[in-house]
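# Summary of structural features
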Amino acid sequence: MYYSDDTKIFLNGSFQLAKESQTSLFSQTLHYGSGVFEGIRSYKTETGTKIFKAEEHYQRLLFSAKKSHIKLDYEVEELVSITNQLLEMNKLTDAYIRPLVYLGENMGLSPTMEVNLFICAWNWGKYLGDSALRVMTSSYERPNPKSCHVEAKVTGHYTNSIMASTEAKSKGYDEALLLDQNGFVAEAPGANFFFEKNGKLFTPASGNILPGITRSSIIDIARDLGYHLEEGQYTPNDLKDADGAFFTGTAVEVAGIESLDGKKFNKDWPDTLGYELSKAYSLLVLEKYNQAYTVI
Ligand code: PMP
């Protein structure tokens, strides 16, 4: 699914065949989750393949590396250029791009000097699909910001995400919604969360979440379209009589939520503000937003 016989990847300065690429089994990242990564999408636009918010994603990769004491010797422009070359080489247009910074051999818990950069890309449909989701409140909390840098995209943080998603799926739900350490609504295992109530939109403020690049695009679009949007702290109780809700993220894009813990939201997904925002977001990534909407 991720590569075929002729797929090329980028590894430490050169483009190589994925099937021939090798790495050490003694990597500190493989054992302890001490790497950083990104999830980026490119789209086939009328003027060619465009990576959506490429600079923002690579700035976040460098930020995550810095927070994790990883010295990555690349500039944002270089990373964007490598990624464009990789897409072209693999003839990819609508692609999902995965840069991973992983560390060298070290079975100790001390800092590791060897830093590796791997970038790959493949065709990946909308993660979580197109139908409105049935979501459960997770029994797992998001990691406490006092135990790690939640605003950084660190590989090890995703053990929490996998636990929450696995629990939700084992109980017959499509996805989980996690609370933070204080019991406020936080985010999904790999996406941010918004809800709609009485014509207004709400989303958890940054602090206990990964503040997504899609989340910030959605906030910009909502404000541009004149919707009322608040960032704050919300309890599960605030969601009980909500009209609608949705997840945002590079992989999921904008995914509507039908129900939470078996209780349907008041409106059907196509009747919500979130649905309108999902249509606008699809236009934005295709660089057709300005044509379709009057920009304020
Ligand atoms: N929260 C978590 C935990 C995530 O893994 C992601 C995906 N990167 C997001 C939110 C959404 O971030 P973005 O919109 O930048 O993809």
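Preceding this paragraph is the structure being described.
For the structure given in this document, a descriptive report is provided here. (Residues numbered from 1 in each chain as written. Predicted model: local features only at pLDDT ≥ 70, side-chain atom pairs only at ≥ 80, totals over all residues. Heavy atoms only, no water.)

### Topic: the site of the ligand
Cut-off, in case you're wondering: Any residue with a heavy atom positioned within 4 Å of a molecule or strand is treated as near that molecule or strand. Think of a polar contact as two N or O atoms within 3.5 Å of one another; within protein, one of them needs to be a possible hydrogen donor and the other a possible acceptor, and neighboring residues in sequence only count if both atoms come from side chains. Throughout, the Shrake-Rupley method with a 1.4 Å probe supplies accessible areas, and for residues the shown protein chains are the sole cover considered. Working definition: helices are DSSP H or I runs of at least four residues, strands are E runs of at least two. Numbering for both runs from the N terminus. Under the convention adopted here, Pro, Cys and the residues Ala, Val, Leu, Ile, Met, Phe, Trp and Tyr are nonpolar, Asp, Glu, Lys and Arg are charged, and Gly plus all remaining residues are polar.
Lys153, Tyr158, Glu187, Thr214 and Thr250 are the nearest of the 16 residues found near the ligand. Within the side chain of Tyr158, an N or O atom sits 2.4 Å from an oxygen atom of the ligand. Note that an oxygen atom of the ligand is positioned 2.6 Å from one of the side-chain N or O atoms of Thr250. Within the complex, 96% of the 390 Å² of free accessible area of the ligand lies under protein. Secondary structure elements with two or more residues in the shell around the ligand: α5 (213-224) and β14 (244-249). Taken together, the residues that form the shell around the ligand break down as five nonpolar, seven polar and four charged.

### Examining the pattern of salt bridges
Our working rule: Basic side-chain nitrogens of Lys or Arg form a salt bridge, by our definition, when they fall within 4 Å of a carboxyl oxygen of Asp or Glu. When accessible area is computed with a 1.4 Å probe and restricted to protein chains, residues below 20% of their type maximum are described as buried, those above 50% as exposed, and intermediate ones as partly exposed.
A complete count under the given rule lists ten salt bridges for this structure. Glu187 is paired through a salt bridge with Arg142; the nearest N and O atoms lie 3.0 Å apart. Placement of Glu187 in strand β10 (residues 185-187) and of Arg142 in the loop between β8 (133-141) and α4 (158-170) is noted, with a sequence separation of 45 residues between them. Just as Glu187 is buried, Arg142 falls in that class too. Here Arg215 and Glu231 are joined by a salt bridge, their closest N and O atoms 2.8 Å apart.

### Details of unusual backbone geometry
The phi torsion at Asn12 lies on the positive side, around 45°, for a residue other than glycine. Mapped onto the elements of the fold, Asn12 is located in the loop between β1 (8-11) and β2 (14-17). Its identity as a non-glycine residue notwithstanding, Lys53 has a phi of 50°, on the positive side. Here Lys53 is to be found in the loop between β5 (48-51) and α2 (54-67).

### Some remarks on the side chain of Asn90
Put simply, the rule reads: Two residues qualify as a contact provided that any one of their heavy atoms is within 4.5 Å of a heavy atom in the partner residue.
By secondary structure assignment, the location of Asn90 is in the loop between α3 (76-89) and β6 (95-103). A relative accessible area of 17% places Asn90 in the buried class. There is a polar contact of 2.8 Å between the side chain of Asn90 and the backbone nitrogen of Lys8. Sequence-distant contacts of Asn90, that is, excluding residues within four places in its chain, are made with Asp6, Thr7 and Lys8.

### Observations regarding the layout of surface pockets
Inclusion rule: As defined here, a cavity is a set of points on a 1 Å grid over the protein atoms alone where a 1.4 Å probe fits but cannot get out. A pocket is an open set with protein on both sides within 12 Å along at least five of seven lines, and residues line them when an atom is within 4 Å of a point. Grid points are joined across faces, edges and corners, and a volume is the space filled by probe spheres set on the points. An automatic or database domain assignment supplies the residue ranges for each domain.
Roughly 340 Å³ of internal volume is contained in the second largest pocket. Along its surface, the second largest pocket is lined by 17 residues, and Ser34, Lys67, Ser68, His69 and Ile70 are the ones closest to its centre. Domain assignment of the residues forming the lining of the second largest pocket places at least three in each of domain 1 (8-122) and domain 2 (133-292).

### A look at the nonpolar core
Going by this rule: We define a nonpolar core as any set of buried Ala, Val, Leu, Ile, Met, Phe, Trp, Tyr and Cys residues linked to one another through side-chain atoms lying within 4.5 Å.
Of all hydrophobic cores here, the largest spans 27 residues; its most connected members are Tyr58, Ile97, Leu117 and Ile119. Counting residues per element, the ones that place at least two in this core are α2, α3, β6 and β7 (115-122). Per element, the largest residue contribution to this core is six residues, and it comes from α3. Excluding residues within four positions of it along the chain, Leu117 makes contact with Phe10, Leu11, Asn12, Leu72, Tyr74, Leu79, Leu100 and Val101. Listed in part, the 20 residues of the second largest apolar core include Val185, Ala255, Ile257 and Phe265.

Honestly, it's all geometry; don't read function into it.
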